[in-house]
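Commentary on secondary and tertiary structure
Listed below are the residues making up each chain.
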Amino acid sequence: MKSLLSLVMSCIITYSFSQNITVSSGTLKRIEHFASKNIEAKNIDVWLPDNYSTNEHYAVLYMHDGQALYDATTTWNKQAWEVDEVASKLISENKTQKFIVVGIYNNPTKRHAEYFPQKPYESLTQYQRDTINQQLQKSGRAKEDFKPFSDNYLKFIVTELKPYIDTTFSTKTDAAHTFIAGSSMGGLISMYAICEYPNVFGGAACLSTHWPGTFTVKNNPIPDAFINYLKAHLPSPKNHKIYFDYGDQTLDSLYQPFQEKVDVVMKAKGFTAKNWKTEFFKGKDHSENSWKERLHIPLEFLLKK
């Protein structure tokens, strides 16, 4: 039987950088090595729905782990979100407004530091940071001293990528039509994005949110730091929507107690069924196949007309 650590490694460490991604609907536009003053250059895939037209304006969904979104034949584990199929179906059935998807590639060796919410980490004592560092080194997620740089990653999205997308494609640029989504560490950074930039993002989808931050719940100070951060920084429920979910298999088996604490904070901050969902999926694991099956739920919740 695989250990939890081996499941972790198989589920979220690395994706291939294939340049031959095929979509079954819509059109994919590749931006090679998008340059940034804040982080290293990244590949960006922009998905446009069928019948995309400059005579219309589209909502925009930014998604992390961009190389795992479309074509399972190109990914390391032969799984993908199949975003093109899910999005096309929702749009064609008139269940959502029309939207484009901006997939941002990760760097496998830096993904954890790039997606780890920086301000909650910096709120820890030095002893607590050392504990996080030791836990991440033990799990192979950090070779040297761990130091998140997610503030720069979000700055890249907001100040460099978004302006380019809005001037290159026919988009609705306001927060009410700008969304961000991801899973695992991508769920954490999506949560962080809507809190740090509430005037930019009107909604966030956080699937299988990796609340432990490391890969152990024992002697781990970061979940409480995330919760305290949410207490202080959640955006207004009047004009923001947030979606969380989790399963109970593999890495997702760690999440329930932390998500329940987050749910208490959401209620205390005035979020209701109108602008917040937390869904539990019994028997579902931490994988693109699981996220693919339920992606329509957060997309319809965030992007419905």
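The shown structure was predicted, so the numbers you read here are calculated from the model rather than taken from an experiment. (Residues numbered from 1 in each chain as written. Predicted model: local features only at pLDDT ≥ 70, side-chain atom pairs only at ≥ 80, totals over all residues. Heavy atoms only, no water.)

**A short note on the overall build of the protein chain**
When its secondary structure is counted, the protein chain shows eleven helices and eight strands. Against the compact-globule benchmark of 19 Å for 305 residues, the protein chain has a radius of gyration of 18 Å, which places it among compact chains. Principal-axis analysis of the C-alpha atoms places the extent of the protein chain at approximately 55 × 40 × 40 Å. Within the protein chain, buried positions represent 59% of all 305 residues. Across the protein chain, every contact between residues at least 6 apart in sequence was considered, and the portion connecting residues at least 24 apart equals 77%. For the protein chain, the computed accessible surface area is about 12,800 Å², with 50% contributed by carbon and sulfur atoms. When the 35 basic and 32 acidic side-chain charges of the protein chain are each reduced to a single mean position, those positions are 4 Å apart. (Helix = DSSP H or I, 4+ residues; strand = E, 2+ residues; numbered from the N terminus. Rg over C-alpha atoms; globule rule 2.2 N^0.38 Å. Buried < 20%, exposed > 50% of the residue type's maximum accessible area, 1.4 Å probe, protein only. Contact = heavy atoms within 4.5 Å. Areas by Shrake-Rupley, 256 points an atom, 1.4 Å probe, with all protein chains shown as cover. Lys, Arg positive; Asp, Glu negative; His and termini not counted. Charge placed at Lys NZ, Arg CZ, Asp CG, Glu CD.)

**Here we look at the pairing of strand β7 (residues 241-247)**
Of all seven residues in β7, seven are buried, a share of seventy percent or more. What you see with β7 is no split at all: K241, Y243, D245 and G247 on one side and I242, F244 and Y246 on the other are buried throughout. Bridge count for strand β6 (residues 203-207) against β7 is five bridges, and the pairing is parallel. Residue pairing in the sheet places G203 in a bridge with K241 of β7. In the classification by handedness, the crossover that spans β6, the intervening helix α8 (residues 222-233) and the parallel β7 is right-handed. (Pairing = 2+ DSSP bridges. Right-handed = clockwise from strand over helix to strand, strands pointing away.)

**Observations regarding the sheet that holds strand β5 (residues 178-183)**
Across the sheet, eight strands lie side by side as β1-β2-β4-β3-β5-β6-β7-β8; this open sheet has mixed pairing. Every interior strand has two partners, whereas the edge strands, β1 (27-34) and β8 (276-281), have only one. Each adjacent strand pair in this sheet contributes to an overall mean axis angle of 15°, direction not counted. Where strand β3 (residues 59-63) lies against strand β4 (residues 99-104), five bridges are found, and the strand directions are parallel. Among the inter-strand pairings, V60 is bridged to a residue of β4, identified as I100. Sitting on the sheet, helix α6 (residues 150-168) touches β1, β2 (42-48), β3, β4 and β5, and the angle it makes with β4 is about 135°. On top of the sheet, helix α11 (residues 296-303) reaches β3, β4, β5, β6, β7 and β8; it is set at about 170° to β7, its chief contact. (Axes fitted to C-alpha atoms, helices over the stretch in contact; angles between N-to-C directions.)

**Considerations on the confidence of the model for the protein chain**
As a note on interpretation, predicted positions should not be read in detail where pLDDT is low. On average, the protein chain scores 93 in pLDDT, and the residues at 70 or more come to 94%. pLDDT under 50 marks residues 1-18. Its contacts with residues more than four places away, or in other chains, come to 45 contacts. (pLDDT = per-residue confidence, 0-100.)

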